[in-house]
Amino acid sequence: MRIDVVTIFPELFAPFVTTSLIGRARDAGLLEIEVHDLRNSTVDRHRVVDDEPYGGGGGMVMIAPPWIRAAREHGAGARRILMSPQGTPLTDAKVRELAREDALLLLCGRYEGVDERVRRLVADEEISVGDYVLSGGELPAMVLVEAISRYVPGVVGLPSSVEQDSFRRGLLDHPHYTRPAVVEGLEVPEVLRSGDHAAIEAWRRREAVRATLEKRPDLLARADLTRDERTELASLRACKVGQGTE
Ligand SMILES: C[S@@+](CC[C@H](N)C(=O)[O-])C[C@H]1O[C@@H](n2cnc3c(N)ncnc32)[C@H](O)[C@@H]1O
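Residues numbered from 1 in each chain as written. Predicted model: local features only at pLDDT ≥ 70, side-chain atom pairs only at ≥ 80, totals over all residues. Heavy atoms only, no water.

### Describing the overall build of the protein chain
When helices and strands are tallied, the protein chain shows nine helices and nine strands. On C-alpha atoms alone, the protein chain measures out to a radius of gyration of 23 Å, which is more than a quarter above the 18 Å that the 2.2 N^0.38 rule sets for 246 residues. Based on the C-alpha atoms only, the size of the protein chain along its principal axes is roughly 70 × 45 × 35 Å. Looking at the protein chain as a whole, 41% of its 246 residues qualify as buried. Nonlocal contacts in the protein chain, meaning residues at least 24 apart in sequence, comprise 73% of its contacts between residues at least 6 apart. (Helix = DSSP H or I, 4+ residues; strand = E, 2+ residues; numbered from the N terminus. Rg over C-alpha atoms; globule rule 2.2 N^0.38 Å. Buried < 20%, exposed > 50% of the residue type's maximum accessible area, 1.4 Å probe, protein only. Contact = heavy atoms within 4.5 Å.)

### A closer look at the site of the ligand
If you check the shell around the ligand, you find 20 residues, and the closest are Met83, Gln86, Glu112, Tyr132 and Leu134. In the environment of the ligand, a nitrogen atom lies 3.2 Å from a nitrogen or oxygen atom belonging to the backbone of serine 84. A distance of 3.0 Å separates a nitrogen atom of the ligand from a polar backbone atom of leucine 134. Within the complex, 84% of the 580 Å² of free accessible area of the ligand lies under protein. Those elements giving two or more residues to the shell around the ligand turn out to be strand E5 (79–89) and strand E7 (125–128). In terms of residue count, E5 provides more of the shell around the ligand than any other element does, four residues in total. Within the shell around the ligand, the residues separate by chemical class into nine nonpolar, nine polar and two charged. (Near = heavy atom within 4 Å. Polar contact = N/O pair within 3.5 Å; in protein donor to acceptor, adjacent residues only side chain to side chain. Areas by Shrake-Rupley, 256 points an atom, 1.4 Å probe, with all protein chains shown as cover. Nonpolar A, V, L, I, M, F, W, Y, C, P; charged D, E, K, R; others polar.)

### Let's talk about the side chain of aspartate 4
By the element assignment, aspartate 4 lies in strand E1 (residues 2–7). For aspartate 4, a relative accessible area of 4% gives the class buried. Here aspartate 4 is in contact with Glu34, His36, His74, Leu104, Leu105 and Leu106, once residues within four sequence places are set aside.

### Some words on the packing of aromatic side chains
The tally for this structure, following the rule as stated, stands at one aromatic pair. Measuring from centroid to centroid gives 6.5 Å for tyrosine 177 and tryptophan 203, while their planes differ by 55°, and the two rings are tilted. Of this pair, tyrosine 177 sits in the loop between helix H7 (159–164) and strand E8 (182–183) while tryptophan 203 is found in helix H8 (residues 197–215), placing the two residues 26 residues apart along the sequence. According to the relative accessible area criterion, tyrosine 177 is partly exposed, its value standing at 45%. Judged by relative accessible area, tryptophan 203 falls into the buried class, the value being 16%. (Phe/Tyr/Trp six-rings, centres within 6.5 Å; stacked < 30°, edge-to-face > 60°.)

### Observations concerning the sheet that holds strand E2 (residues 32–37)
Strand pairing in a sheet relies on backbone hydrogen bonds, with the paired strands running either antiparallel or parallel. Taken in spatial order, the five strands of this open sheet run E2-E1-E6-E5-E7, and their pairing is parallel. Two strands bound the open sheet, and with one partner strand each, they are E2 and E7. For this sheet, the mean inter-axis angle between neighbouring strands, taken without regard to orientation, is 30°. The pairing of E1 with strand E6 (residues 103–108) spans five bridges and is parallel. In the strand pairing of E6, aspartate 4 is matched with leucine 105. (Pairing = 2+ DSSP bridges. Axes fitted to C-alpha atoms, helices over the stretch in contact; angles between N-to-C directions.)

### Considering the nonpolar core
Formed by 29 residues in total, the largest nonpolar core has its most connected members in Leu106 and Ile148. Only E1, helix H1 (14–18), helix H2 (20–27), E5, helix H4 (92–99), E6 and helix H6 (138–149) provide two or more residues apiece to this core. For this core, the element with the most residues is H6, which contributes five residues. Excluding anything up to four places from it in sequence, leucine 106 contacts Ile3, Asp4, Val5, Val6, Ile81, Ala141, Leu144 and Val145. (Core = buried A, V, L, I, M, F, W, Y, C linked by side-chain atoms within 4.5 Å.)

### Structural notes on helix H3 (residues 64–74)
Residues of H3 that are buried: Ala64, Pro66, Trp67, Ile68, Ala70, Ala71 and His74. Residues of H3 that are buried make contact with E1, E2, strand E4 (61–62), E6 and helix H5 (116–122).

### Some words on the pattern of salt bridges
Counted according to the given criterion, the structure contains 22 salt bridges. For the salt bridge of glutamate 97 with arginine 79, the shortest nitrogen-to-oxygen distance reads 2.4 Å. Highlighted residues: glutamate 97 in helix H4 and arginine 79 in strand E5, separated in sequence by 18 residues. Residues arginine 79 and glutamate 101 are paired through a salt bridge, measuring 2.7 Å at the closest nitrogen-oxygen approach. With a gap of 22 residues between them, arginine 79 in strand E5 and glutamate 101 in the loop between H4 and E6 connect regions that are remote in the sequence. Using a relative accessible area of 17% as the deciding quantity, one classes arginine 79 as buried. (Salt bridge = Lys/Arg side-chain N within 4 Å of Asp/Glu carboxyl O.)

What follows is the structure, given as structure tokens:
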């Protein structure tokens, strides 16, 4: 997969694209990521990218022409995404959908945002990383790239760990433990040291359902549960009702 990013702060991406899973995926040719300086798509001597807003007030607005040039230059054939707090909230389903694309172009705004005509002329869609406002689209673009990369075959060494990740089927992941066996009096559940794989599987299934029920019960309405998971859920709910907590 190829991802092009347009920003006025390309230097923010340097460690991100060369480190850990993303760095290795690029080295292995699984991911191609190119970061472009929006100022290289300006045509004036001062490489201006912003101007005062029509109507007055507020801060500076990013002017449209450099974005339009950059999108046409780097986004041919790509799905073009404007990072924006007004966009579709990013979810696991959206990430998986985008991971199936061959090429993406991510546009990172700054200041008060970009001239509305950028959205209308060159963006296929807007994506938000949450209902809060950041100062720029660079961190949202990195969030998107990292989430997508986990679904690009070969990027995460163990595909099963992506399968079990939170949200994959509408459930949260089960708790994880590693050495030491006891931390400040808290022991690793005995079953995880039993070597009984069927029992471990059953424990993990139950704990994933329990974590979702306790932390994100809203997910359960849309979760794609197996028969065993539905049974666990019914029994955990019955327990809660029995304890008077539901
Ligand atoms: C300070 S914000 C502009 C916010 C804009 N005035 C508004 O309220 O909708 C500058 C840039 O940061 C990025 N940005 C900020 N928050 C974001 C979010 N939650 N998701 C995605 N991008 C975001 C966008 O690219 C935006 O153009």
